[in-house]
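This is what each chain is made of:
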There are 2 protein chains.
Amino acid sequence: MQQDVPDGAGLGLVEPQYFHFDELRLESGAVLRPVTLCYETYGTLNHGNSNAILITHAFSGDAHAAGYHRGDRKPGWWDNMIGPGKAFDTNKYFVICSNVIGGCAGSTGPSSINPATGKRYALDFPLVSIADMVAAQQKLICHLGIEKLLCVAGGSMGGMQVLQWIKSFPNMLHAAIPMATCARHSPQQIAFNEVGRQAVMADLNWNHGDYYDKEPPARGLSVARMVGHITYMSDRSMAEKFGRKMKEKGDGTKFTPDFEVEGYLKYRGDSFVARFDANSYLYITKAMDLFDLAGEQPLHEVFRGIDVRLLVLSFKSDWLYPSYQSLEIVKACKFAGLECSYVEVESTWGHDAFLLETERSEKLIRHFLNSEMQNLVREKAGAE
Amino acid sequence: MQQDVPDGAGLGLVEPQYFHFDELRLESGAVLRPVTLCYETYGTLNHGNSNAILITHAFSGDAHAAGYHRGDRKPGWWDNMIGPGKAFDTNKYFVICSNVIGGCAGSTGPSSINPATGKRYALDFPLVSIADMVAAQQKLICHLGIEKLLCVAGGSMGGMQVLQWIKSFPNMLHAAIPMATCARHSPQQIAFNEVGRQAVMADLNWNHGDYYDKEPPARGLSVARMVGHITYMSDRSMAEKFGRKMKEKGDGTKFTPDFEVEGYLKYRGDSFVARFDANSYLYITKAMDLFDLAGEQPLHEVFRGIDVRLLVLSFKSDWLYPSYQSLEIVKACKFAGLECSYVEVESTWGHDAFLLETERSEKLIRHFLNSEMQNLVREKAGAE
């Protein structure tokens, strides 16, 4: 079975699954119907259904967090963290990764067929929020027969979903690991997303979102992704990776990339276009920008009276989601009396660190989950 | 005469001047002919021609550094620093600001007429370097009858020209003030410029640079400028200026700006299009990226045996031209035995600080120039 899977030590072959449900009432009041959520699971649910961990993904992520799809040469996006013996140890835990609504990786989004018209939604798709994404995931978790998750964990936009889980369904999780994230975007974070949106919409092929039967706005989306990639790295990691190394210039044309860093960004931008829908880019970045966990109230009010233990992780060179934003979460938790550990992980990788700095994060997450499981066992023994 | 000039205390009305010369041999070997340089002067050249200061401008700057053009409501871009009693005191100094070649503000650039074809150059314009810009300025300085400048001063790309002046014409300046700049771009700086170029070139109206009789690539250029503006500010200055304040949304359309920061960037992007040529954007950002003062040799070799005094200024929240880049210049100067003062100016304005943090910079520059003038007088007295 597994001869086409490069890494025999990991999860091996995995397959996406789909959860269909009738409707989702959105924060805006609009109703989305029907709804499909794409998800994957790794490991086995135990008898008490008490070992389930939900992984939430970042902006351009998907449900394929670990293992290999048949024929793939690269594993899921967090394979270095999820698997037998890894941080999210599938020998112990039942790990679920759910795609978000609004996306383009198997769940209902702007490129899905609108049953009212028989055509793709495009901009008729309603605005969705981080809370809507989490509400859809909650239906999935109930569908899987899980009353209470051991933990919800994720980085970047995944971290926003973690925080929203605590707010929306505080009795459905024991623990939470928000990584490299924030309780709401700063104007700088909004600005970078807005530039990406403007780049997409500046492409004449975008055509107000109506491009599904025509040329997609590939150039604009590629530029948007290039901006994103700069913000995911750090000054230092770019210096170490590229320096001022020059490319071989084949054609001698003016303004083709001279430097390796230019070629790399162009390549990443262009390859993103093949896997991502431009309208989903708009919807999901907008959901991130409008996310505001506490709104008008002080942040600690969100956490008041809630019994969830947190491990908050930030990364030293991450200037897109700087540590002070994680510290705001930690302070609010402490103020509200929640048990909350915080580590600023050493790293030069910038925001990408939550995906790459696995050696350091792995230990922290493993110990945290171990002690959560022990807590659960102890609580159960105490109750019996 | 001055009733239409808002600020009576400053320079009042000023006018651009034009210096035409036959040809400029470029670093690439190409010859540009004929060449026009747009420049402005403020104050009066003294009898010994010893009080001249050259101001070099940043990427999107121009020769109009101070005073008012007839009918203008806003003064030149460094008016808070140049004028009677200001840092560059026009009661004492003869201040020259020269536009760069390759630009679009009165000097020869890609939107100029190519005498060989009678049409605008567009991409037939040769690549120009920072050294070429400086070589053109040197001809202007000679034309003005100045053998040795008291000082060359400028920020950002202006600072690169300052450094290049030291390298190219070390005997033509006594002192230099490179501000918020570097001896060469890091891959992160290159990456931000490249994203801007890709945004311009992604606009179908760019048409490989051939758009002068058609619609210009306004959308792409606007996106490029938006990216730039984010990098000119700081996380903190954006938070202080905009926070998460929302805009009044008139039309209720999806993906029009929700936040004030979005509206501001869009406005700045769109208004840039009215004054800047997209091809100049490509040529000038490329000149910045290819600038490498020392090339293969150690930076201090550039400064060896040179008798120029430097005041190097960087700004604390400037993450686009971070202080470590200024410190590299300072170290190299010290290593080569040059007299070099360095101040990291407190500021929350980000890279824009070199334009805005005038109260702090003004004193430093005033004292530096005063002591330079006293040195000159002393040297002269010693020689007599």
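Residues numbered from 1 in each chain as written. Chains lettered and ligands numbered in written order. Predicted model: local features only at pLDDT ≥ 70, side-chain atom pairs only at ≥ 80, totals over all residues.

(A) Quick peek at the packing of helix H4 (residues 218-232) of chain B against helix H6 (residues 260-273) of chain B. Residues and elements named next belong to chain B. H6 packs onto H4 with a crossing angle of 125° between their chain directions and a minimal axis gap of 8 Å. Regarding the angle of H4 to H6, the classification is oblique. When you trace H4 past H6, the crossing you get is right-handed. In this structure, H4 contributes Ala-218, Leu-221, Ser-222, Val-223, Arg-225, Met-226 and His-229 to the contact, and H6 contributes Leu-265, Arg-268, Gly-269, Asp-270, Phe-272 and Val-273. Among the residues making up the contact of H4 with H6, the classes are represented as 7 nonpolar, 3 polar and 3 charged. (Axes fitted to C-alpha atoms, helices over the stretch in contact; angles between N-to-C directions. Helix = DSSP H or I, 4+ residues; strand = E, 2+ residues; numbered from the N terminus. Parallel < 35°, antiparallel > 145°, perpendicular 65-115°, else oblique. Left-handed = near helix turned anticlockwise from the far one by under 90°. Contact = placed C-beta atoms within 7 Å. Nonpolar A, V, L, I, M, F, W, Y, C, P; charged D, E, K, R; others polar.)

(B) Main features of the sheet that holds strand E4 (residues 35-42) of chain A. Residues and elements named next belong to chain A. If you trace the 8 strands from one edge of the open sheet to the other, you get E1-E4-E8-E5-E11-E12-E13-E14, paired in mixed fashion. Whereas interior strands pair on both sides, the edge strands pair on one side only; in this sheet they are strand E1 (17-21) and strand E14 (340-345). Here the average twist between neighbouring strands, direction ignored, is 20°. The sheet strands contacting helix H1 (residues 130-143) are E1, E4, strand E5 (52-56), strand E8 (94-98) and strand E11 (149-155), and the helix crosses E4 at an angle near 55°. (Pairing = 2+ DSSP bridges.)

(C) Main features of the domain arrangement of chain A. Residue and element names in this part refer to chain A. Domain boundaries in chain A define domain 1 (17-185 + 292-383) and domain 2 (189-287). If you average the C-alpha positions of domain 1 and of domain 2, the two centres end up 26 Å apart. Taken together, the contacts link 26 residues of domain 1 with 21 residues of domain 2. Of the residues assigned to the side of domain 1 that touches domain 2, the class counts are 13 nonpolar, 11 polar and 2 charged. (Domains from an automatic or database assignment.)

(D) How the structure looks around the relation of the copies chain A and chain B. Once turned by 180° and shifted 0.0 Å along the axis, chain A lies on chain B with an RMSD of 0.0 Å. In the structure described here, the two chain copies are related by an operation that fits a two-fold rotation axis. Mapped onto chain B, 100% of the interface residues of chain A again fall at the interface, so both copies present the same surface. (Least-squares fit on C-alpha atoms with pLDDT ≥ 70 in both.)

(E) Region of the structure containing unusual backbone geometry. Along the chain, Arg-33 of chain A connects to Pro-34 of chain A via a cis peptide bond; the corresponding omega equals -15°. Its place among the elements puts Pro-34 of chain A in the loop between strand E3 (31-32) and E4. Non-glycine residue Asn-207 of chain B carries a positive phi angle of around 55°. Within the secondary structure layout, Asn-207 of chain B lies in the loop between helix H3 (187-202) and H4.

(F) Just the pairing of strand E13 (residues 309-315) of chain B, in detail. Residues and elements named next belong to chain B. Taking burial as the measure, the 7 residues of E13 include 6 buried ones, the bulk of the element. Two elements, strand E12 (residues 173-179) and E13, share 3 bridges in a ladder whose sense is parallel. Residue pairing for E13: Met-179 is matched across the bridge by Leu-313. Sheet topology places E13 next to strand E14 (residues 340-345); 6 bridges connect them, and they run parallel. Bridge pairing in E14 places Leu-311 opposite Ser-341. (Buried ≥ 20, exposed ≤ 12 C-beta atoms within 10 Å, placed from the backbone.)

(G) Spatial organisation of the interface of chain A and chain B. Chain A puts 41 residues into the contact, and the matching count from chain B is 41 residues. Of all the elements in the fold, those that place two or more residues in the side of chain A that touches chain B are helix H3 (187-202), helix H4 (218-232), helix H5 (235-241), helix H6 (260-275) and helix H7 (278-290) of chain A. Sorting elements by how many residues they give to the side of chain A that touches chain B places H3 of chain A first, with 12 residues. Tallied by class, the residues present in the side of chain A that touches chain B amount to 24 nonpolar, 5 polar and 12 charged.

(H) Molecular detail of the sheet that holds strand E1 (residues 17-21) of chain B. Residue and element names in this part refer to chain B. Pairing is mixed across the open sheet formed by 8 strands, whose spatial order is E1-E4-E8-E5-E11-E12-E13-E14. Edge positions in the open sheet fall to E1 and E14, since each of these has one partner strand only. Between one strand and the next, the sheet's axes are offset by a mean angle of 20°, whatever the strand orientation. Where strand E4 (residues 35-42) and strand E8 (residues 94-98) come together, 4 bridges link them in antiparallel fashion. Bridge assignment links Tyr-42 to a residue of E8, and that residue is Val-95. Lying on the sheet, helix H1 (residues 130-143) is in contact with E1, E4, strand E5 (52-56), E8 and strand E11 (149-155); it crosses E4 at an angle near 55°. Against the sheet, helix H11 (residues 358-383) contacts E11, E12, E13 and E14, and its axis sits at roughly 175° relative to E13.

(I) Up close: H4 of chain B. Here H4 of chain B contains 15 residues, and its C-alpha end-to-end distance of 21 Å stays within 8% of the 21 Å for a straight helix at 1.5 Å per residue. Counted residue by residue, H4 of chain B has 13 buried out of 15 residues, so it is predominantly covered. (Expected span 1.5 Å × (residues − 1).)

(J) Main features of the nonpolar core. Within the largest apolar cluster, 236 residues are counted, with the highest numbers of intra-cluster contacts made by Ile-53, Cys-151 and Ala-176 of chain A together with Ile-53, Cys-151 and Ala-176 of chain B. When neighbours within four sequence positions are excluded, Ile-53 of chain A is seen to be in contact with Phe-88, Tyr-93, Val-95, Leu-149, Leu-150, Cys-151 and Ala-153 of chain A. (Core = buried A, V, L, I, M, F, W, Y, C linked by C-beta atoms within 7 Å.)

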